[in-house]
Amino acid sequence: MSFMPKRAMVLAAGLGLRMRPITLETPKPLVTVGGRTILDHTLDRLEAVGVEEAVVNAHWLADKIAAHLEANPRRKLKLTLSREETQLETGGGVKHALPLLGDDPFFVVNADIVWLDGPVPALKRLADSWNPAVMDSLLLVTPTPIAIGYEGRGDYQMDPDGRLTHRPDLEVAPFVMAGVSIMTAAQFKDTPDGAFSNLLLWQRAEAAGRLFGVRHEGNWYHVGTPAAIPLVDTHLAAPASREVVP
């Protein structure tokens, strides 16, 4: 029987500073692209592969996130809110929610991305590639040149076995961390109290040779600024956008 995490952490607590003025009144995960909120795109993907519960954290405009979750009673996916009184960043947010996530491996998904699957759903490909004997974290990565809405230098090099190495400063890397990963509660042992980034855990895993990646086979979109919204809308509306990228 193939492995599939039963729970997922959806990171929806960011301030959305680059998305202002929209995020002065609307939390970024509730921004609409392709006719659905970014958060709902993520929940759709999780539900489609059989994830049973999504823990969604919230800080900025948390009441609006909570109301949106409560307005989705028809989902098979159980939705649980992890409210943060202070901003905890990605790692601190996951650590705060660990009592809800349990000890088994779980997905972690950023709520500012949208992706289209290739022939096999990206989440299933991650789950099928998960090997706790050699991995601490498994990241979905997408090629930097075709990451729509992304303007950085990339994040990782990947060897033929899937092992990841973070790019040196001032260099360009072929892959962007695509905002989706498999992580475990055990990784959060001996981590700081309060705010910290998941990057801390990925750096530890990389140093131990236990950070791996899976190349995304479909289109991927970063919805980080107001200018990205019409760009992503256009791509999601075009039939060609549903073709697998080369």
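Residues numbered from 1 in each chain as written. Predicted model: local features only at pLDDT ≥ 70, side-chain atom pairs only at ≥ 80, totals over all residues. Heavy atoms only, no water.

> Which residues make up the overall build of the protein, and what values do they have?
Looking only at helices and strands, the protein features six helices and 13 strands. Scaling as 2.2 N^0.38, a compact globule of 246 residues should have a C-alpha radius of gyration of about 18 Å, and the protein matches this with 17 Å. If one aligns the C-alpha atoms of the protein with their principal axes, the spans along those axes are about 40 × 40 × 40 Å. Taking all 246 residues of the protein together, the buried fraction comes to 50%. Per element, the accessible surface of the protein, about 11500 Å² overall, is 54% carbon and sulfur. (Helix = DSSP H or I, 4+ residues; strand = E, 2+ residues; numbered from the N terminus. Rg over C-alpha atoms; globule rule 2.2 N^0.38 Å. Buried < 20%, exposed > 50% of the residue type's maximum accessible area, 1.4 Å probe, protein only. Areas by Shrake-Rupley, 256 points an atom, 1.4 Å probe, with all protein chains shown as cover.)

> Give a description of the packing of aromatic side chains that names residues and reports values.
Given two aromatic rings, their pairing is described by the distance between the two centres and the angle made by the two planes. Enumeration over the complete set of coordinates arrives at one aromatic pair. Centre to centre, the rings of F188 and F196 are 6.4 Å apart; their planes meet at 55°, and the pair counts as tilted. Geometry around W60 places R20 over its ring, the cationic atom sitting 5.5 Å from the centre. (Phe/Tyr/Trp six-rings, centres within 6.5 Å; stacked < 30°, edge-to-face > 60°. Lys NZ or Arg CZ within 6 Å of the ring centre and 35° of its normal.)

> Account for the side chain of Q187, with residues named and values stated.
With respect to the helices, strands and loops of the structure, Q187 is situated in the loop between β11 (175-183) and α5 (198-207). Take Q187: its relative accessible area is 11%, and that puts it in the buried class. A polar contact is formed between the side chain of Q187 and the backbone oxygen of D136, at a distance of 3.4 Å. Non-local contacts of Q187, meaning those with residues more than four positions away in its chain, are made with D136, S137, L201 and R204. (Polar contact = N/O pair within 3.5 Å; in protein donor to acceptor, adjacent residues only side chain to side chain. Contact = heavy atoms within 4.5 Å.)

> Describe the pattern of salt bridges, with residues and values.
Counted according to the given criterion, the structure contains 13 salt bridges. Across the pair D193 and K95 runs a salt bridge whose closest N-O atoms are separated by 3.7 Å. Placement of the pair is D193 in the loop between β11 and α5 and K95 in helix α3 (residues 89-101), with a sequence separation of 98 residues. Under the relative-accessibility criterion, K95 is labelled partly exposed at 24%. Where E217 meets R125, a salt bridge forms, and the shortest distance between an N and an O atom there is 3.6 Å. With a gap of 92 residues between them, E217 in the loop between β12 (211-215) and β13 (220-222) and R125 in helix α4 (residues 122-129) connect regions that are remote in the sequence. A relative accessible area of 28% places E217 in the partly exposed class. Judged by relative accessible area, which is 16%, R125 ranks as buried. Sharing partners across several salt bridges, the network here consists of R36, D40, D44, E47 and R75. (Salt bridge = Lys/Arg side-chain N within 4 Å of Asp/Glu carboxyl O.)

> Can you explain the layout of surface pockets? Please cite residues and give values.
In this model, the largest pocket occupies a volume close to 1100 Å³. For the largest pocket, the lining is made up of 40 residues, of which K28, T90, N110, D112 and H222 are closest to its centre. At the level of secondary structure, the elements contributing two or more residues to the lining of the largest pocket comprise α3, β6 (106-110), β11, α5 and β13. Looking at side-chain class alone, the lining of the largest pocket contains 18 nonpolar, 15 polar and seven charged residues. (1 Å grid on protein atoms, 1.4 Å probe; cavity = no way out; pocket = protein on both sides within 12 Å on 5 of 7 lines; lining within 4 Å. Points joined across faces, edges and corners; volume = space filled by probe spheres on them. Nonpolar A, V, L, I, M, F, W, Y, C, P; charged D, E, K, R; others polar.)

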